Each structure stands twice: as C-alpha cells, then as structure tokens.
Amino acid sequence: MLRRVALVLLTLGVLVPSVHAHPIPFSYLDIRINAGQAEGTLVVHIEDLAHDLNVERPEALLEAKVAASKKDAIAELVRTRLTVLADGQPVWLEVLRVEPLADRQAISCELRFNTKAKPGALRLECALFPYDPQHQTFLNVYEEDHLVHQEIFTLDHQIFVHRTGVRQGWMSVVKEFIPAGIYHIFTGPDHILFVVGLLLMGGSLLRLLSIVTAFTIAHSITLSLAALNVVDPSPRLIEPAIALSIVYVGIDNLMVGKTGRDVRAWIAFFFGFVHGFGFAGVLREFGLPREALGWSLFSFNVGVEIGQACIVVVVASLLAAIRNRNQTLAGRISKAGSLCVILAGTWWFIQRVFL
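Per chain, residues are indexed from 1 in the order of the written sequence. Where totals are concerned, whole chains, interfaces and linings use all residues; where local detail is concerned, this predicted model gives features only for residues with pLDDT of at least 70, and gives and counts side-chain atom pairs only at 80 or more. Side-chain calculation: all heavy atoms of the structure are included, whereas hydrogens and water are not.

**Focus: the pattern of salt bridges**
Note on pairing: side chains with opposite charge can pair once their charged atoms come close.
Point 1. Definition used for salt bridges: Asp or Glu carboxyl oxygen within 4 Å of a side-chain nitrogen of Lys or Arg. Per the counting criterion, the structure on display carries eleven salt bridges.
Point 2. Linking Arg207 and Asp262 is a salt bridge whose minimum nitrogen-to-oxygen distance equals 3.7 Å. Within this pair, whereas Arg207 is found in helix H7 (residues 205–227), its partner Asp262 is found in the loop between helix H8 (235–259) and helix H9 (264–286), the two being separated by 55 residues in sequence.
Point 3. Overlapping salt bridges, with partners in common, bring together Arg97, Glu99 and Glu110 in one network. Segments assigned H or I by DSSP are reported as helices when at least four residues long, segments assigned E as strands when at least two residues long, and all are numbered from the N terminus.

Right, here's the structure in full:
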C-alpha cells in the first residue's frame, strides 16, 4: 500500500512541473462602450507574448521596466491580431499602457478605440495567438458599465459584430441582412430551381402572384420559428426534403398537361415551410443580434424576397414572351425544363442522403 502511495506521489511530482510549464491558452478582452468613445482592457499570458515577441525568458515581462520597453512591440502585435471596424470604418487601436500582473503571470494592456462617436456596430476580428490552435480569447462587452454580451474567439470563430442600441445599430442590421438575403437566394441553386419550376407552366399575373405570395408566407413563418429556436429540425431532414420538393414540382408540371388542374399555389405554400427551415440555417451562420432580433429577421426576409422577385420577373417575362410568339415551343420548353428540374432534384436528394 505504501509503495503504491509513493508511486502516485512520485508520478505527480514528475507531472506537476510539466503542467505548470504550459500556460492556460486564454486571453481576456473587456470592451467598454460609453457615450462617444470605446475603451478596453486586454490581458494576455506572458508565455504567449514571449513566444511571439521572441523573448527567451517569459518571466522577464513581469518586470515593469521590461514590459514598458516592449510596449510598442506589444501594441503592434495587438493591432495586427485584433482588427476593429466601427460602422464599417477601420478604427485605430491605441495601446495606452501595459502593466505586469505577477499573480496572473500576465500582461494587462489598456486600449483605446479612436471612434468619433458611439458606434452603432462594432466589428471585431480577433486571432491573437494563431501559433496555438487551442488558444481562446474571452470577450466581455459593456455599455454604460453594464455587461451586455459575452463571446469566445477561437481558431474557428474569429469574427463578432456587436450592435449597440443607437439608431445606427438598427441601420447596420438592415444594411447587413438585406444583402445577405439577396446573396443567399442567388447562391442557392435549389431554391432558385424550385421557384423556376413553379413558373414553367406560366399563367396570368394574378396566378403567378398567388404562387409567389403563398411561398413567401410559408417560408417566412418557418424562417422565424427556426431562427428563434422555437422549432429546429435537423438539416439532415430538411436538405433532402428541399430536394424532394423540387422533384415534386417537376412531376406536377408534367401532370398538369394531362389533368388541367393547377395547384401550384398550394405546392408553394406547403413546401415553403420546408424551404424556410433551409433559409434559417444560413441566417444562423450570420449570428442573430439580440439587440436587433426583429430587424435582422425582417431584413433577411426582405433580401430573400428581393432576390426572389428578380428571378420571378426575369423568368416569367421570358417565358411569357416565348409563349406569345410560339405556343408549341413554349410547351416544349416547359416539359424539357420540368424534366431538368426532376433530374436535378433527384441528384440533390441522392447526394444529400447517400453521399
């Protein structure tokens, strides 16, 4: 028994020095946003600083004179690893003072962000010590001395946008999320093909408007529910379902020629719920700002509708022009297009389920 205890103690005695030889890979950044200015405090471990400043003995940085002599080098390192934009404009980051924290084996840097006024949106890109893939930077954001947000920067998460409660904050949300919605539509071939498939059979302006409106109402509902985490189905279910919706539209187009019925508005409405969950997955990647949740949802949806409207106007106008000149050619295009829609949807379904 005594031998076992001795062996454990000996093992601990060997391991403990090695544990202390490696610092905890954390940094801490506090940002304080008050009327007309933004300030901050950055605390970094001496081991990390010593590594990137080529200081052979990290403990030397705990000496006030040595730390002061490295102030410019520290400031340059921080400015190259911490990028700040205020309302889209680059912000000069000034290191006012460096102070050794012997009890924490760290250096504290007092920061000032040279902004002309209280920013509506503060965008941070933080990658302080990329040599260490495990390094994390913990961020606290204060407004008028109240903690309003916390974030963790990692190797895989380096960008964060904080929006304040001022008017510019709401405007920055609109400016970011409307283009995001437009971009998503034009870079999402499955959504485009679904809409195009609904338009292939043509129809009156009122008919096409009812189809697009049904799709809009449905996907707006599920987009909001999913973005707010009220309903959150797995992408492994939603993505194949979106592919199947495209297949169904193509098949229905071919069936219309035989039966004469037109239920595209109902198809758009039903599958719009599915596509809304797909939109929500993209919206989450942007990070919904708690301070402007309603505006972000509304703006993204507006962007989606703008992109969708552009597709509808172009495709519907082109098909109408062909139909007015040559009904036979228009019919062939509708059938060929529907076959292409079916094949594309089938391939996406196979890809998303089996590959």
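Still to come is the rest of the account.
**Some details on the sheet that holds strand E3 (residues 82–86)**
Point 1. The strand order across the open sheet built from four strands is E4-E3-E7-E10, with neighbouring strands paired in antiparallel fashion. In this open sheet, the two edge strands, each paired with only one partner strand, are strand E4 (89–90) and strand E10 (159–163).
Point 2. By the bridge criterion, five bridges tie strand E7 (residues 121–126) to E10 in an arrangement that is antiparallel. For Leu122, the partnering residue across the bridge sits in E10 and is His162.
Point 3. Sheet strands in contact with helix H4 (residues 71–81) are E3 and E7, and its direction is about 60° off that of E3. Any two strands between which DSSP finds at least two bridges are classified as paired. By definition in these notes, contact holds between two residues if any of their heavy atoms fall within 4.5 Å. Axes here mean lines fitted to C-alpha atoms, for a helix over just the part in contact, with angles spanning 0 to 180 degrees between N-to-C directions.

**Focus: the sheet that holds strand E1 (residues 26–34)**
Point 1. Spatial strand order, E5-E6-E2-E1-E8-E9: six strands in an open sheet with mixed pairing. At either end of the open sheet lies a strand with only one pairing partner, and these are strand E5 (93–101) and strand E9 (146–153). Geometrically, the sheet is characterised by an average inter-axis angle of 15° between neighbouring strands, direction not taken into account.
Point 2. One ladder, built from eight bridges, connects E5 with strand E6 (residues 106–113); its direction is antiparallel. Bridge assignment links Val98 to a residue of E6, and that residue is Cys109.
Point 3. Where helix H2 (residues 46–53) meets the sheet, it contacts strand E2 (37–45) and E6, and its direction lies at approximately 90° from that of E2.
Point 4. In the packing of H4 onto the sheet, contacts are made with E2, E5 and E6, and the angle to E5 comes to roughly 120°.

**Re helix H11 (residues 327–354)**
Residue pairs three or four apart in sequence face the same way in an α-helix, which turns once every 3.6 residues.
Point 1. A helix is expected to span 1.5 Å for every residue after the first. The end-to-end C-alpha distance of H11, which contains 28 residues, comes to 40 Å, matching closely the 40 Å that a straight helix rising 1.5 Å per residue would cover.
Point 2. To sort residues, take the accessible area from a 1.4 Å probe on protein chains only and compare it with the maximum for the residue type: under 20% means buried, over 50% means exposed, and anything in between is partly exposed. Within H11 the residues assigned to the buried category are Ala330, Ser334, Gly337, Ser338, Val341, Ile342, Gly345 and Trp348.
Point 3. Where H11 starts, the residue carrying a side-chain oxygen 3.1 Å from the main-chain nitrogen of Thr328 turns out to be Asn326. In protein, a polar contact means a hydrogen-donor-capable atom and an acceptor-capable atom, both N or O and within 3.5 Å, with residues adjacent in sequence counting only if both atoms are side-chain atoms; elsewhere, any N or O pair within 3.5 Å suffices.

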